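Each chain, letter by letter, is given below.
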Amino acid sequence: MSCTLALGGAAPAAAQTEYTADGVPTGLEEEIRWRVNRGRFDSVSENQYRGTNYADVAATASPLAPNQSLTLASRHHSEDMARNNTFQHATVTGSAYYDPIAQPTPWDRMTAEGYVRTSAAENISAGYTSAEAAYVGWWNSEDHRHNMYNTALREIGNGYYYWSVSTYHRYYTMDLGSSGANYFFTDTLFLDANVNGVYDEAEAVSGVAIRLLVGGAPASYYDVSSAAGSFAIPIGAISPGSTVQVVFSNTTATTLALTIPVDYWTNRALTLGPGQSSVWGTFTTGATWAERCNVGLRNVTPLPPIAAPILNLSRVGTDMLLSWASETGLQYRLQWAANFQVWRNLTVNPLPGTGTELFHRDIGAAALDLRFYRLLVTRP
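Rules and cut-offs
Residues numbered from 1 in each chain as written. Predicted model: local features only at pLDDT ≥ 70, side-chain atom pairs only at ≥ 80, totals over all residues. Heavy atoms only, no water. Phe/Tyr/Trp six-rings, centres within 6.5 Å; stacked < 30°, edge-to-face > 60°. Buried < 20%, exposed > 50% of the residue type's maximum accessible area, 1.4 Å probe, protein only. Helix = DSSP H or I, 4+ residues; strand = E, 2+ residues; numbered from the N terminus. Expected span 1.5 Å × (residues − 1). Contact = heavy atoms within 4.5 Å. Polar contact = N/O pair within 3.5 Å; in protein donor to acceptor, adjacent residues only side chain to side chain. Axes fitted to C-alpha atoms, helices over the stretch in contact; angles between N-to-C directions. Parallel < 35°, antiparallel > 145°, perpendicular 65-115°, else oblique. Left-handed = near helix turned anticlockwise from the far one by under 90°. Nonpolar A, V, L, I, M, F, W, Y, C, P; charged D, E, K, R; others polar. Salt bridge = Lys/Arg side-chain N within 4 Å of Asp/Glu carboxyl O.

### Here we look at the packing of aromatic side chains
Link 1 in the chain: In total, this model carries 20 aromatic pairs according to the counting rule given.
Link 2 in the chain: Centroid distance Tyr 168 to Tyr 171: 6.2 Å. Interplanar angle 70 degrees. Geometry classified as edge-to-face.
Link 3 in the chain: Overall, Tyr 168 belongs to the partly exposed group, its relative accessible area being 43%.
Link 4 in the chain: In this structure an aromatic cluster arises from ring pairing among Tyr 19, Phe 184 and Tyr 221.

### Let's talk about helix 3 (residues 68-83)
Link 1 in the chain: Compared with the 22 Å implied by 1.5 Å per residue over 16 residues, the 22 Å span of helix 3 between its first and last C-alpha is a close match.
Link 2 in the chain: For helix 3, a buried count of twelve out of 16 residues is recorded, marking the element as mostly surrounded by other parts of the structure.
Link 3 in the chain: For helix 3, the set of buried residues is Ser 69, Leu 70, Thr 71, Ala 73, Ser 74, His 76, His 77, Ser 78, Glu 79, Asp 80, Met 81 and Ala 82.
Link 4 in the chain: Packing partners of the buried residues in helix 3 comprise helix 1 (27-41), helix 4 (106-112), strand 4 (119-126), strand 5 (155-162) and strand 6 (170-178).
Link 5 in the chain: A side-chain oxygen of the first residue of helix 3 lies 3.0 Å from the backbone nitrogen of Ser 69; this N-cap is Asn 67.
Link 6 in the chain: Backbone geometry just downstream of helix 3 places Asn 85 in the positive-phi region, at approximately 50 degrees.

### Points about the packing of helix 2 (residues 43-50) against helix 5 (residues 131-139)
Link 1 in the chain: With their axes 13 Å apart at the nearest point, helix 2 and helix 5 run at an angle of 110 degrees to one another. With respect to their mutual orientation, helix 2 and helix 5 come out roughly perpendicular. In this structure, helix 2 meets helix 5 at a crossing whose hand is left-handed. Note on element contacts: helix 5 touches helix 2 through Glu 132, Tyr 135, Val 136 and Trp 139, opposite Glu 46, Asn 47 and Arg 50.
Link 2 in the chain: Residues that form the contact of helix 2 with helix 5 fall into these classes: three nonpolar, one polar and three charged.

### A short note on the packing of helix 1 against helix 2
Link 1 in the chain: Two numbers describe how helix 1 lies on helix 2: the axes approach to 5 Å, and their chain directions differ by 115 degrees. Taken together, the residues of helix 2 that come into contact with helix 1 (itself represented by Arg 38, Gly 39 and Phe 41) are Ser 43, Glu 46, Tyr 49 and Arg 50.

### What about the pattern of salt bridges?
Link 1 in the chain: Counted according to the given criterion, the structure contains twelve salt bridges.
Link 2 in the chain: With a shortest N-O distance of 2.7 Å, Asp 362 and Arg 371 are connected by a salt bridge.
Link 3 in the chain: What makes Asp 362 buried here is its relative accessible area of 7%.
Link 4 in the chain: Salt bridges sharing partners connect three or more residues here, namely Glu 31, Arg 35, Glu 46, Arg 50, Glu 132 and Asp 200.

### Re unusual backbone geometry
Link 1 in the chain: Look at Asn 85: it is not a glycine, yet its phi comes out positive at around 50 degrees.
Link 2 in the chain: If you trace the backbone, Asn 85 turns up in the loop between helix 3 and helix 4.
Link 3 in the chain: On the basis of relative accessibility, which here comes to 41%, the residue Asn 85 falls in the partly exposed class.
Link 4 in the chain: The backbone of His 169 shows a phi angle near 70 degrees, a positive value even though the residue is not glycine.
Link 5 in the chain: Along the polypeptide, His 169 turns up in the loop between strand 5 and strand 6.
Link 6 in the chain: Judged by relative accessible area, His 169 falls into the partly exposed class, the value being 30%.

Here you go:
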């Protein structure tokens, strides 16, 4: 007989409504958002990384959530500029989407796409050959930098369009806004395959459900990472001062590896098997309604890794007695297999940890020729 140990994730939490108003950015559009959000989290480190010394932006600001209406307004304006070979904030004469007389401003275009704004801003650029270059161009421009790092803005839509016969070929629009009391838990899920520490558009991980638990109960909304890895979950209705658990669930039939940012420079790895869930960590909402803001993965305190207990085996007559040291707040499921391929549960339900040694007696197992055991350790 042999013994194996495996660590598992938490069981998926039920959720009420999938949030879809964030839309699906393209990979390039999401690259820009990721870079903006990393810089907003820590502008001192952003200055250090870029070799700049701008002191006109806040030391930290909450992440910007994707918004489909803002994305459409941005995409359409970039397309209008490219196809009409012009570069301007004003609605383009000959626009395929807006009336330049009745809807002349960026704010009119946002409204036309259904965005109800409290405040808003717009950046445009052209000619840059990558998301990184477009972002750096805005970062090095005072007014554009102020728009991207405005602490009052909470949502973003990036729009990119390429037109080979236009002067600049590549056109970028960034629309930013806040809408009433809308606040979000938002970020980007990706695997840093080239180990450069940043999100690149080909590295997106889709199909991960992100659920929030408040007092053990699911929040009103959840989201599933898009083809670009983006997600956003409304949190404006969660009471001030609430501790919120963040749960990742793999909705696909394949194993998914993730790179999760902890701060500006540091990332941690997380792997989810098919259908597996894991409690990543917790965050606390603002202490008062006035202190509400968006939250991203860099604002989450990750839970410490689960310690792997030793699974002890001993024969008791024709039975096999299994024992291990347990921890409160964890749960344990014993499984056995004859071939390391098909695993069967030894108990109907997981066993809750008590802080003491736990035992289970596998009746008649000692009389069998071969049986392997493993212990799955999860957080409820």
